[in-house]
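Remarks on the overall topology
Letter by letter, the chains look like this.
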Amino acid sequence: MRRREFLLGAAMLAGTMARGRATAGIPAPSSDGLDRITAYFDNEVSSGRLPGAVILVQQHGKPVYLKTFGVRDVRTGLAMTPDTIFAIHSMTKPITCLGAMMLIDEGKLALADPVSKYVPLFADTKVGLEITNPDGKLELELVPPVRPVNIEDLLRHTSGISYDYIGGKWVEQAYKAANIFEGAFNNREFADRIAKLPLARQPGTLWRYGHSTDVLGAVIEIISGQTLYEFLKARIFDPLDMSSTKFVLATEDELARMARPLPNDFILLDAERERLDHPEWQSGGGGLLSTITDYQRFSQMLLNGGEFDGKRYLSPAAYKAMTTDHIGPGSGVGRDYFYFPGDGFGYGYGIAVRTDPGNAKPPPPGSLGELKWDSGSGTYFGVDPKLDMVYLMMQQTQNERSRITPAFKALVYDCYPEGLRRP
């Protein structure tokens, strides 16, 4: 019964996947275009704006471009390598959501399940409303949610759970007053802390980036009886041979392979200190470390419709559900300034999906149906079924990411003829 939400449309997905794998007419990226990618990142490194990067473009399951730039750490001068380890921050989210979708696929979890079924404190969670009094002063009123926060809300960021830096001033003040990062805590304890905070909006009404995926990580632990890492390792990392993807580095070799931002990248350095201060917290929303060669396997699995090297990770119907927009017209979900999927993109369960060309003229590069996500540390991945391509950028920069990320994507699509560059 819990799987019935996936059964509709499974036959349609089979036809879509078959068309996506018909690759004979898809051109390879031009050598001139690939050279422009090289020139761009050579300049970023030589100008001192970026310590280094690793770039991968893969088509038809094989790398057509894999190049390293600069150094992994300006303090040591060690060169970037394909096995350099990066803090991938929010690119953790699609992996955690895949884990949850696997449990849904198995009937152990349902989209409509209230989160309070697994984290009981969510039964008492209230919604915060900022009220202006007659004297002009602002006051926070707490009201009951119109419905409970459910698992689908966690997957699609419609729970009302925020980050402290997103939303009204009261959100920032409430999170700071709660000291949610104080002391040692694990995923379950962190979920309890989040449950005690007011929701920024009524569940199901607004796409709002926040700690939803962290709470989802706790739900996975409660259902599986494993830590989040143990679950992800057994179900995703080991089968996909993602041997360098983990929450905590354990060996001197791994520590030496870790990329670091420039010394003036204070926001990212603070985030790294916070991660190191909480080795016991396996953040499903932003705690993973990985390499470009590991993440390309995860990306290729998504491109293959939930399958890799003969092993299926999601049923066709579950894959369809994960990669379909669930916040578009008719969903009742609004969008605000902090809508990070961006122009032309909807959002599935843990990943952005291109639904239309968008409002910009000309449209941003890409294809309808492409999947993507990025992170606050500057990492990025895209999955394009139309071109049978995945492309990844690994770097560690918060200062330059908003400039480099769109430039990187444009450079990738500029490798193809004009008719294939835009939706």
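Structure: above.
1. Some remarks on unusual backbone geometry
Cis geometry is found at the peptide bond from K361 to P362, where omega equals -5°. Mapping P362 onto the fold places it in the loop between β10 (352-354) and β11 (371-374). One non-glycine residue, H89, adopts positive backbone phi at about 45°. Structurally, the position occupied by H89 is in the loop between β3 (86-87) and α4 (93-105).

2. Let's talk about the environment of D265
Along the chain, the position of D265 falls in the loop between α10 (252-256) and α11 (266-277). Considered as a pair, D265 and E400 are 135 residues apart in the sequence and their alpha carbons are 9.2 Å apart. Within polar-contact distance, the side chain of D265 engages the backbone nitrogen of Q398 at 2.9 Å.

3. Observations regarding the nonpolar core
Looking at soluble globular proteins, one finds that nonpolar side chains tend to be buried together. Counting residues in hydrophobic clusters, the biggest one holds 89 residues, and the most contacted among them are L155, F298 and F381. Among the elements that make up this core, the one with the highest residue count is α4 (8 residues). The residues touching F381, leaving out its near neighbours within four places in the chain, are M91, P94, Y295, F298, S299, L302, I351, L371, K372, W373, Y391 and L392.

4. As for helix α6 (residues 169-178)
Count 3.6 residues to each turn of an α-helix, and residues three or four apart come out pointing the same way. Those residues of α6 lying buried are W170, V171, A174 and Y175. Take α6 and look down its axis: the buried residues cluster within an arc of 130°, on one side only. Opposite the packed face of α6, turned more than 90 degrees from it, sit the exposed residues K169, K176 and A177. Where α6 is buried, its residues meet β4 (127-132), β5 (138-143) and α7 (187-195). Positioned one or two residues after α6, N179 has a phi angle of 50°, which is positive.

5. Details of helix α3 (residues 31-46)
For α3, built from 16 residues, the straight-helix expectation of 22 Å at 1.5 Å per residue is met to within 8% by its first-to-last C-alpha distance of 22 Å. Every buried residue of α3 is listed here: G33, L34, I37, T38, Y40, F41 and E44. For α3, the angular spread of the buried residues around the axis is 160°, confining them to a single face. In α3, the exposed positions angled more than 90 degrees off the buried face are occupied by S31, D32 and S46. On the buried face of α3, the contacting elements are β1 (52-59), β2 (62-70), β13 (389-394) and α14 (401-413).

6. Digging into the environment of S290
Residue position: S290 is located in strand β6 (residues 289-290). Between the C-alpha atom of S290 and that of M91, which follows or precedes it by 199 residues, the distance is 9.6 Å. Setting aside residues no more than four positions away along its own chain, S290 makes contact with T84, I85, F86, I88, S244, T245 and Y295. Separated by 2.8 Å, the side chains of S290 and T245 make a polar contact.

7. What about the packing of aromatic side chains?
The tally for this structure, following the rule as stated, stands at 29 aromatic pairs. Between W207 and Y339 the ring centres are 5.4 Å apart and the planes differ by 75°, which places this aromatic pair in the edge-to-face class. Within this pair, whereas W207 is found in the loop between α7 and α8 (212-224), its partner Y339 is found in the loop between α13 (316-322) and β9 (345-347), the two being separated by 132 residues in sequence. Through a chain of ring-to-ring contacts, the aromatic side chains of Y163, Y165, W207, Y209, Y339, F340, Y347 and W373 assemble into a single cluster. In this arrangement the basic side chain of K67 is found over the ring face of F69, its NZ or CZ atom lying 5.9 Å from the centre. The lysine or arginine in question, K311, covers the ring of Y313, its NZ or CZ lying 5.4 Å from the ring centre.

About the thresholds
Residues numbered from 1 in each chain as written. Predicted model: local features only at pLDDT ≥ 70, side-chain atom pairs only at ≥ 80, totals over all residues. Heavy atoms only, no water. Helix = DSSP H or I, 4+ residues; strand = E, 2+ residues; numbered from the N terminus. Polar contact = N/O pair within 3.5 Å; in protein donor to acceptor, adjacent residues only side chain to side chain. Core = buried A, V, L, I, M, F, W, Y, C linked by side-chain atoms within 4.5 Å. Buried < 20%, exposed > 50% of the residue type's maximum accessible area, 1.4 Å probe, protein only. Contact = heavy atoms within 4.5 Å. Arc of directions from axis to C-beta. Expected span 1.5 Å × (residues − 1). Phe/Tyr/Trp six-rings, centres within 6.5 Å; stacked < 30°, edge-to-face > 60°. Lys NZ or Arg CZ within 6 Å of the ring centre and 35° of its normal.

Functional significance is not addressed by these values, which are geometric in nature.
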